[in-house]
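# Observations on chain architecture
Given next are the chains, with one letter for each unit.
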Amino acid sequence: MKRIALLGMPNTGKSTLFNRLTGAHAKVGNWPGLTVELLNARLILGDQVVRLVDLPGIYDLNGYSDDEKVVTTFLETQATDLIIFVLNTSQYERQLNLLSQVMAKGIPMLLVMNMVDEASAMGITVDVDTLSRKLQHPVHLLSAKYGQGMERLQPAMRQALSTDQTKSTPPSLSEIEKAFKEAMRVPAQASNALTDKLDKVLLHPLFGLPLFFGVMLLLFEGVFAIGKPLQDGTAWLLTAFRTAALEPLSAHLPLMLQGLLLDGVYNGLSTVASFVPLIVLFFLFMGIVEDTGYLSRAAFLMDALMAKFGLDGRSFVMLLMGFGCNVPALMGTRVIRSKGLRYLTMLTIPFSLCSARMQVFVFFIAALFTAEQAPWVLFSLYVMSILMSIVTSLIFKREYVNNDAFVLEMPPYRFPTARQMVLTGWQEVRHFLNRATRFIVIGVVMIWILTNFPLGVQSGSIDSWAGQLGNLLQPLFSPLGINAELTIALLFGFIAKEIVIGSLAVIYGQEGGALVQTITQHITWIQAYSFMLFVLIYTPCVSAIATIRNETKNLKFTALSIAWPLVTAWLVSFAFYQTAMFVTH
Amino acid sequence: MQIIPICVQSLKFLEKYIAMHAPITASPHQPKLPLTLERLSHGESGNVMAINVEDDLKKRFFAMGLKEGAHVRVLRKAKFGGPMHLRVGTSELILRLKEACCICLVTAQ
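For clarity, every value in this text was computed on a predicted model and none was experimentally measured.

### Comments concerning the overall build of chain A
Secondary structure assignment for chain A yields 25 helices and 9 strands. Relative to a compact globule of 585 residues, whose C-alpha radius of gyration would be 25 Å, chain A shows 27 Å and is just as compact. Structurally, chain A occupies a C-alpha span of about 80 × 55 × 45 Å along its principal axes. With 585 residues in all, chain A has 46% of them scored as buried. Intrachain contacts of chain A at a sequence separation of at least 6 include 75% that bridge at least 24 residues.

Here's what the structure looks like:
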């Protein structure tokens, strides 16, 4: 099978092009270097099947970063039949050095001038024939985002694969620069007028930062306002499905099996599933913010402050990314070259309130706080999350010193298309289903077993295995106001935070509204907040730990990233619960 | 063998020191003194004359369009000694003042 590689700098729209070509759902990020894994897919190209590989975006083929090494190794070791070099048309000048390095490899190449929509808006024109003739390589104009020129790309790829491109000597950098100068027409004052205008407001010296936090608060409020009714609706539908269809259908099954299927698997899974609309919404909103390029602005606004904590603007963006899911954020730290800064950032990311933890909070907040209090309680947890990251970096900044330069490109504002948004939403549903099959089903089944054995005990009672385990740990957790049932949920939350609510459904043997009512009767708001603080801070899920271990290959650091949050969680919850009890009594 | 690079370094330092203590708008009769990027303020621009950083960082600057001869304009500077927002050609980038100190300019007239 022939192999085609997509190569180019970060922010040239490689991932968007990859999505367009394959229909696969590589994440599109307006953040330099987000595509960190080697995405690949099979592609039918006329009468043949080829493999398309999306290489990480790099700045230099001879650089020393991890991504640059990945690409160099790939080109040296993997036979590549065609390189599609993706160029951001309006900023072609600074990409020519990389282009000349790639051309020097002598591999057949198709030059794709991407983002022609932006370039033509700036009045930039390209003479494709001249450029192609001078470079002696095929050149193709494209807007991967809006699909302009897509229909002619596949024939161009086919032709590039079949024609013999072996040249005697690849052109030098100055020859390439000359060819581009001849073929390109750039107006003297080429700039993105809309971006200039927006930046004047969004990067305003006084209002920039408050505006940014305002946008974020609005985003969380929006997720809550739209998502909560959707969640209630989904929960109602799932309960109705149980009473109308599942209960009659499983009536003839042995009682034990019925219990496992309905009270174990179905209750657990449906409680978690009811959160899907909320999560999809959250990722959709975050995705929009990310795709527009606002996150790079956030890096600019926050850098001076982050420098005081030994971090930089990129760390801040990774922390924000962590609000979606910690795992991609941990992998995203690969763009940071300084080992000290990278480790420090990795130590702080797990405190980012990820969407899985948000499920737990939304559930408890809805159960124990009024609708007016709800957004503020959630916001206080976000503040706490950021505070924990700051405290952590302040404590460890002498241990992990940052010696990396802070240089970041600032992409123009880009507006996501409906297509991109649908892709993001769908990707999240798929991600959830994936995790559901891997962790949640196994988790809830295990909890059901723990709460229903030894045989003959009342489900979830003090005599069950779970009850005994919970009691055993009570001396440790009762000072935090966390009861035996919640302790069990915490234990399983170690695997994945998505399990926490599902496991409570199994432990209490109830779901939906009934579960909320039970919780309201059993615990106070102080206990609930203490529990939420613990869930927020304690050790991230197994996937996050595995990622830290993979990325650092350092057992000592991995151990620290488990132990530090665990200890802090206990201390913070203890401090909160004891103070709150002292004040209210 | 070590002496020559040290001399060059100290010369550069001296230049930088003089530049730092000289007024930005030098009178037209005097030869222009090396000016470093971090001293430019909002709206000012210049042409890059020399970049005194290690090779790896230089490559990264290069890939952002920051190279000898490039025209740089300061779009804005962040508060509290934060980074600078620059335009180089048609690209934009942000850079900390610490790194901007390493970039010598001649002001464009």
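### What about the sheet that holds strand 5 (residues 91–95) of chain B?
The strand order across the open sheet built from 7 strands is 9(A)-5(B)-4(B)-3(B)-2(B)-6(B)-1(B), with neighbouring strands paired in antiparallel fashion. In this open sheet, the two strands that pair with only one neighbour each are strand 9 (407–409) of chain A together with strand 1 (35–36) of chain B. Alignment of strand 4 (residues 84–88) of chain B against strand 5 of chain B, held across 5 bridges, turns out to be antiparallel. Residue pairing in the sheet places Arg87(B) in a bridge with Glu92(B) of strand 5 of chain B.

### Some points on the sheet that holds strand 5 (residues 109–114) of chain A
Residues and elements named next belong to chain A. With mixed pairing, the 6 strands of this open sheet are ordered in space as 2-3-1-4-5-7. Both outer strands of the open sheet, strand 2 (39–45) and strand 7 (139–141), are each paired with one neighbouring strand and no more. Averaged over all adjacent pairs, the angle separating strand axes in this sheet is 25°, with direction ignored. As judged from the 6 bridges shared by strand 4 (residues 82–88) and strand 5, these two strands associate in the parallel manner.

### Here's the deal with the packing of helix 9 (residues 208–249) of chain A against helix 10 (residues 255–273) of chain A
All names here are of chain A. Where helix 9 contacts helix 10, the two axes come as close as 9 Å, and the packing angle between them is 155°. The angle between helix 9 and helix 10 falls in the class roughly antiparallel. The hand of the helix 9/helix 10 crossing is right-handed. When helix 9 is examined against helix 10, the residues Thr 234, Leu 238, Arg 242 and Leu 246 are found in contact with a partner set consisting of Leu 262, Tyr 266, Ser 270 and Ala 273.

### Description of the pairing of strand 3 (residues 71–77) of chain B
Residues and elements named next belong to chain B. With 3 bridges connecting them, strand 2 (residues 45–51) and strand 3 associate as antiparallel partners. Looking at strand 3, one finds that Gly 46 is bridged to Val 72. For strand 3 and strand 4, the ladder comprises 5 bridges, and the chain directions are antiparallel. Bridge assignment links Val 74 to a residue of strand 4, and that residue is Leu 86.

### Let's talk about helix 2 (residues 55–63) of chain B
For helix 2 of chain B, every residue scored as buried is listed here: Lys59(B), Phe61(B) and Ala63(B). Tucked into the core, helix 2 of chain B has its buried residues touching helix 3 (96–103) and strand 9 of chain A together with strand 2 of chain B.

### Some words on the confidence of the model for chain A
All names here are of chain A. Averaged over every residue, the pLDDT of chain A is 84; residues scoring 70 or more account for 95%. Mean pLDDT values over the elements of chain A span from 74, in helix 18 (residues 418–452), up to 94, in helix 23 (residues 525–537). Low pLDDT (under 50) marks residues 28–36, which in the prediction has 42 contacts with non-local residues, meaning those over four places away or in another chain.

### A few points about the environment of Val362(A)
All names here are of chain A. Turning to its location among the elements, Val 362 is positioned in helix 16 (residues 355–368). Using a count of 22 C-beta atoms within 10 Å as the deciding quantity, one classes Val 362 as buried. Residues Val 362 and Gln 258 lie 104 residues apart in sequence; the distance between their C-alpha atoms is 29 Å.

### Remarks on the confidence of the model for chain B
Residue and element names in this part refer to chain B. Looking at chain B as a whole, the pLDDT averages 76, with 68% of positions reaching at least 70. Mean pLDDT in chain B bottoms out at helix 1 (residues 3–21), which sits at 52, and peaks at strand 4, which reaches 92. In the predicted structure, residues 1–9 sits below a pLDDT of 50 and forms 0 contacts with residues beyond four places in sequence or in another chain. Across the predicted assembly, pTM comes out at 0.76 and ipTM at 0.73.

### Things to note about the interface of chain B and chain A
Opposite the 26 residues of chain B that make contact, chain A presents 24 residues. Among the secondary structure elements, those contributing two or more residues to the side of chain B that touches chain A are helix 2 and strand 5 of chain B. Residue contributions to the side of chain B that touches chain A peak at 7 residues, all from helix 2 of chain B. Classifying every residue of the side of chain B that touches chain A gives 11 nonpolar, 7 polar and 8 charged. Across 3 bridges, strand 9 of chain A lies against strand 5 of chain B in antiparallel orientation. Considered in strand 5 of chain B, the bridge of Glu409(A) is made with Leu93(B).

Reading guide: rules and limits
- Residues numbered from 1 in each chain as written.
- Chains lettered and ligands numbered in written order.
- Predicted model: local features only at pLDDT ≥ 70, side-chain atom pairs only at ≥ 80, totals over all residues.
- Helix = DSSP H or I, 4+ residues; strand = E, 2+ residues; numbered from the N terminus.
- Rg over C-alpha atoms; globule rule 2.2 N^0.38 Å.
- Buried ≥ 20, exposed ≤ 12 C-beta atoms within 10 Å, placed from the backbone.
- Contact = placed C-beta atoms within 7 Å.
- Pairing = 2+ DSSP bridges.
- Axes fitted to C-alpha atoms, helices over the stretch in contact; angles between N-to-C directions.
- Parallel < 35°, antiparallel > 145°, perpendicular 65-115°, else oblique.
- Left-handed = near helix turned anticlockwise from the far one by under 90°.
- pLDDT = per-residue confidence, 0-100.
- Nonpolar A, V, L, I, M, F, W, Y, C, P; charged D, E, K, R; others polar.

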